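Breakdown of the fold
Now for the letters of each chain:
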Amino acid sequence: MTRTTTSTPPSTPAEVRERLAHLQSQDLPVHSGRTLAYVYDSGLDEVDRVAREAVAAFAGSNGLDPTAFPSLLQMENDLVAAGLRLLDAPDGAVGTVTSGGTESCLLAVQSARDSRPDVVGPRMVLPDTAHPAFHKAAHYFGVEMVVVPTGDDHRADPAAMAAAIDERTVLVVTSAPSYAHGVVDPVPAVAAAAAARGVRCHVDACIGGWVLGYAARLGREVPPWSFAVEGVTSVSVDLHKYGYAPKGTSLLLHRTSAHRRPQLFSSARWPGYTMLNSTLQSTKSGGPLAGAWSVVQLLGDAGYEQLTAQALEATDRVVAAVAGLAGLRVVAPPDATLLVLGTDDDLDPFTVCDEMAARGWHVQPQLSYAGAPATIHLSFSAATLAHVDELVAALAASVAAARAFGPVRVDPEVAAVIAALDPAGLGDADLDALLVAAGLAGDGGAGGAIALPERMAEVNAMLDLATPEMREALMIAFLDRLSRPSS
């Protein structure tokens, strides 16, 4: 059947702006420090203004060819130099600006794999708290994951990590800090074990590297994690997180140019131009790069020290306040600005998240995993400090409301549907059955749009019943259903 096409009339600039404003009004706020996930807010209007101007000015520039746009090459080299200084890199260290933390992690795995063409069936060793970006890299690049359980302190177990290294291991991964718990792995011990076997060691500092580097300059005690640790061969650190740069910019830094060489790609085996890439992307807008460069230039070390101090103070104050809130506990004392809260058995963490949202604060629920209960995740920005008292008051009120509301109970019929589903063969009919049973089917019923409720506790409670494999299958089906052409 041929799709019927219709002609859409052009819009005026004013209509486009009005439509954009309407669409954006439905999003979480990116400023005010009240969204404690996904976005990182300096609280400085001038930083945002300069960044937006830079993104707009270089949006049409193409990072594909550094000889055609030498401005982008200069800005990239400047950003890499700033990152290398902050991360105690030795002379001869190099780096690349990527589109985000996931691309940095992907390239760390790809370059480690390609550095060992002699290895058949390459493996990487990582703790179970490593970011899923490494799972994606394993899937994309055919590198087998050897996942090692963490200890009671939620940090990588050095002895177990060392024991997992074998002749097929091309990379060992650590976190600084891990996202799920906000703690830094014992990088020196793990890196030493990797170096003893001639294996690369990557430190995923995407979320915490910019904070930890400046925290150390402020005199705060920071576990060793950077290039100052012998055996660390690469580090990823995001600029669009605590560098407060526009999305999406990250750095992948290598101890030597020899370590980076396998990351670079060139192809002359076609009749067109010779392709040369340093990242997964070929064509890439210069906008994010220019935005990041502008923010780093504007703030300088002094500015970042101040912003880091603010974010750390916000973290410390909330940690102290939690001690006085019955039913909440700090799962692991944070090494940076990520705080993870656990709840007593009679306090539902998903309901606490809903109650926080009702009070204008977005915090992130984390589902149960490997016997550990569900938790609440908060990432503090510099802008949060000015609102800490409001945040603590909202947290106290949310805990009280959640306790009064009581635990979320999943309907037994819905639980039965989840238990009967096969993640390997999950199809549209299975998803429809679950959506209908859960009351999430839109007006069109089965096969139609998803109607998300204002409160997500029941949805999260349902997902919490599922195995990780089933969660993955459900989320893929969910995304597939959401991502359909507009009518």
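Analysis parameters
Residues numbered from 1 in each chain as written. Predicted model: local features only at pLDDT ≥ 70, side-chain atom pairs only at ≥ 80, totals over all residues. Heavy atoms only, no water. Core = buried A, V, L, I, M, F, W, Y, C linked by side-chain atoms within 4.5 Å. Buried < 20%, exposed > 50% of the residue type's maximum accessible area, 1.4 Å probe, protein only. Helix = DSSP H or I, 4+ residues; strand = E, 2+ residues; numbered from the N terminus. Pairing = 2+ DSSP bridges. Right-handed = clockwise from strand over helix to strand, strands pointing away. Polar contact = N/O pair within 3.5 Å; in protein donor to acceptor, adjacent residues only side chain to side chain. Axes fitted to C-alpha atoms, helices over the stretch in contact; angles between N-to-C directions. Parallel < 35°, antiparallel > 145°, perpendicular 65-115°, else oblique. Left-handed = near helix turned anticlockwise from the far one by under 90°. Contact = heavy atoms within 4.5 Å. Nonpolar A, V, L, I, M, F, W, Y, C, P; charged D, E, K, R; others polar. Patch = residues over 30% accessible without salt bridge, like charges linked within 9 Å, V, L, I, M, F, W, Y side chains within 5 Å. Areas by Shrake-Rupley, 256 points an atom, 1.4 Å probe, with all protein chains shown as cover. Salt bridge = Lys/Arg side-chain N within 4 Å of Asp/Glu carboxyl O. Phe/Tyr/Trp six-rings, centres within 6.5 Å; stacked < 30°, edge-to-face > 60°. Lys NZ or Arg CZ within 6 Å of the ring centre and 35° of its normal. Expected span 1.5 Å × (residues − 1). Arc of directions from axis to C-beta.

The nonpolar side chains of a soluble globular protein tend to be buried with one another. In this structure, Trp210, Trp225 and Leu251 are the most contacted members of the largest nonpolar core, which totals 64 residues. When residues of this core are assigned to their parent elements, the largest contribution, ten residues, is made by helix α10 (residues 287–322). In this structure, Ala314, Leu328, Leu347 and Met356 belong to the second largest nonpolar core, which totals 24 residues.

Once that is clear, we can look at the pairing of strand β4 (residues 169–175). The buried count for β4 comes to seven of seven residues, which makes it a mostly enclosed element. Relative to β4, strand β2 (residues 123–127) runs parallel, the two being bridged by three bridges. Counterpart to Met124 in the pairing with β4 is Leu171. Read as a crossover between parallel neighbours, the route from β4 over helix α7 (residues 187–196) to strand β5 (residues 200–204) is right-handed.

Turning to the side chain of Thr337, a few remarks are in order. Relative to the helices and strands, Thr337 resides in the loop between β10 (328–330) and β11 (338–343). Taking relative accessible area as the criterion, Thr337 reaches 2% and is therefore assigned buried. Engagement of the side chain of Thr337 in a polar contact is seen with the side chain of Tyr242, the distance being 3.0 Å.

Turning to the packing of α10 against helix α12 (residues 388–405), a few remarks are in order. Relative to each other, α10 and α12 sit at 30 degrees, their axes nearing to 10 Å. Taken as axis vectors, α10 and α12 run roughly parallel relative to one another. The hand of the α10/α12 crossing is right-handed. Facing Ala314, Arg317, Val318, Ala321 and Val322 of α10, the residues of α12 in contact are Val388, Asp389, Leu391, Val392 and Leu395. For the contact of α10 with α12, the class distribution of residues is eight nonpolar, no polar and two charged.

Take a nonpolar patch on the surface next. A contiguous nonpolar patch, built from Val16, Leu20 and Leu23 and spanning about 250 Å² of accessible area, is present on the exposed surface. Relative to the elements of secondary structure, Leu23 occurs in helix α1 (residues 13–24).

Attention shifts here to the pattern of salt bridges. Using the criterion set out here, one finds 21 salt bridges in the structure. Arg155 is paired through a salt bridge with Asp335; the nearest N and O atoms lie 2.8 Å apart. Pair noted here: Arg155 is in the loop between β3 (144–148) and α6 (158–164) and Asp335 is in the loop between β10 and β11, with a separation of 180 residues, a long-range link. On the basis of relative accessible area, Arg155 is assigned to the partly exposed category, the value being 21%. For Asp335, a relative accessible area of 16% corresponds to the buried category. When the shortest N-O distance is used, the salt bridge between Arg317 and Asp389 registers 3.0 Å. With Arg317 in helix α10 and Asp389 in helix α12, the pair connects residues that are 72 residues apart, well separated along the chain. Note on Arg317: relative accessible area 33%, which makes it partly exposed. Linked through salt bridges whose partners overlap, the residues forming this network are Arg123, Glu144, Asp166 and Arg168.

This next bit is on the packing of aromatic side chains. Enumeration over the complete set of coordinates arrives at seven aromatic pairs. Taking 5.7 Å as the distance between ring centres and 80 degrees as the angle between the ring planes, the aromatic pair formed by Trp210 and Tyr304 counts as edge-to-face. Note that Trp210 is positioned in helix α8 (residues 209–217) and Tyr304 in helix α10, a separation of 94 residues in sequence. As far as the burial class goes, Trp210 and Tyr304 line up, both buried. A network of ring pairs unites the aromatic residues Tyr40, Tyr242 and Tyr244 as a single cluster. The ring of Phe405 is capped by Arg455, whose NZ or CZ atom sits 5.4 Å from the centre of that ring.

What follows is about the side chain of His202. Structurally, the position occupied by His202 is in strand β5. For His202, a relative accessible area of 0% puts it in the buried group. A distance of 2.7 Å separates the side chain of His202 from the side chain of Ser234, its partner in a polar contact. In this view, His202 contacts Ala108, Phe134, Leu171, Val172, Val173, Thr174, Thr233, Ser234, Val235, Ser236 and Leu252; residues no more than four positions away in its chain are not counted.

This paragraph deals with helix α16 (residues 468–482). With 15 residues, α16 extends 21 Å between its outermost C-alpha atoms, agreeing within 8% with the 21 Å of an ideal straight helix rising 1.5 Å per residue. Within the sequence span of α16, burial applies to Met470, Arg471, Ala473, Leu474, Ala477 and Arg481. Along the axis of α16, the buried residues cluster in a sector spanning 165 degrees; they form a single face. Turned more than 90 degrees off the buried face of α16, the exposed positions are Glu472, Ile476 and Leu479.

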